[in-house]
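A structural walkthrough
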Amino acid sequence: MMNSDIAEGKWRQLKGSVKEKWGKLTDDDIQQVDGSFEKFCGKMQERYGMSREQAEQEFNRFKE
């Protein structure tokens, strides 16, 4: 099983890009996500009204 989370070091580098791409995510949201696939999906559903599947696709596109 592949780990879908983003490594801590890489997440720190990507935080600015996350905020730029998804401006509805607050600094607190980004801090709480902390690279976690599950938390990212939850925040995207909450802030953008995305389905779980849409949030997963966004996460996978972003982390590549």
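So, a few notes on the structure that sits alongside this text. Keep in mind it's a predicted model, so treat the numbers as computed, not measured.

About the criteria used
- Per chain, residue numbering runs from 1 following the sequence as it is written.
- Reporting in this predicted model follows two pLDDT cut-offs: at least 70 for local features of residues, and 80 or more for side-chain atom pairs to be given and counted; totals over whole chains, interfaces and linings ignore these cut-offs and use all residues.
- Side-chain measures here rest on the full set of heavy atoms in the structure, leaving out hydrogens and waters.
- Put simply, DSSP H or I for four residues or longer makes a helix, DSSP E for two residues or longer makes a strand, and each gets a number counted from the N terminus.
- Between buried and exposed lies partly exposed: a residue is buried under 20% and exposed over 50% of the maximum accessible area for its type, with that area taken using a 1.4 Å probe on protein chains only.
- Only heavy atoms matter for contacts: two residues are in contact if any of them lie within 4.5 Å across the pair.
- Pairing of aromatic side chains here covers Phe, Tyr and the six-membered ring of Trp, requires ring centres within 6.5 Å, and sorts the geometry by plane angle: under 30 degrees stacked, over 60 edge-to-face, intermediate tilted.
- Nine residue types can take part in a nonpolar core, namely buried Ala, Val, Leu, Ile, Met, Phe, Trp, Tyr and Cys, and a core is a set of them joined through side-chain atoms within 4.5 Å.
- One speaks of a salt bridge when a side-chain nitrogen belonging to Lys or Arg is within 4 Å of a carboxyl oxygen belonging to Asp or Glu.

**Comments concerning the overall build of the chain**
Helix and strand counts for the chain come out as 4 helices and 0 strands. When its helices and strands are written in sequence order, the chain yields α-α-α-α. Taken over the C-alpha atoms alone, the chain extends approximately 30 × 30 × 15 Å along its principal axes. Within the chain, buried positions represent 34% of all 64 residues. For the chain, contacts bridging at least 24 residues in sequence account for 37% of all contacts bridging at least 6.

**Some words on the packing of aromatic side chains**
Here a ring pair, both rings aromatic, is described through the centre-centre distance and the interplanar angle of the planes. On inspection of all chains with the given rule, the structure shows 4 aromatic pairs. Grouping aromatic residues by their ring pairs yields a cluster made of Trp-22, Phe-37, Phe-40, Phe-59 and Phe-62.

**Some thoughts on the side chain of Asp-29**
Note that Asp-29 resides in helix α2 (residues 27-33). Exposure remark for Asp-29: the relative accessible area of 2% places this residue in the buried category.

**Examining the nonpolar core**
Val-18, Trp-22 and Met-44 are the most contacted members of the largest nonpolar core, which totals 16 residues. With 4 residues, the single largest contributor to this core is helix α3 (residues 37-48).

**Structural notes on the pattern of salt bridges**
Under the criterion given, the structure shown has 9 salt bridges. The partner of Asp-29 in a salt bridge is Arg-47, and the shortest N-O contact between them spans 2.6 Å. Here the residue Asp-29 occupies a position in helix α2, and Arg-47 occupies one in helix α3, the gap between them amounting to 18 residues. Judged by relative accessible area, which is 31%, Arg-47 ranks as partly exposed. Between Lys-43 and Glu-46 there is a salt bridge; the shortest N-O distance is 4.0 Å. On the criterion of helical spacing, the pair formed by Lys-43 and Glu-46 is a turn pair, its members being 3 residues apart in helix α3. We classify Lys-43 as buried; its relative accessible area is 14%. Overlapping salt bridges, with partners in common, bring together Asp-29, Lys-43, Glu-46 and Arg-47 in one network.

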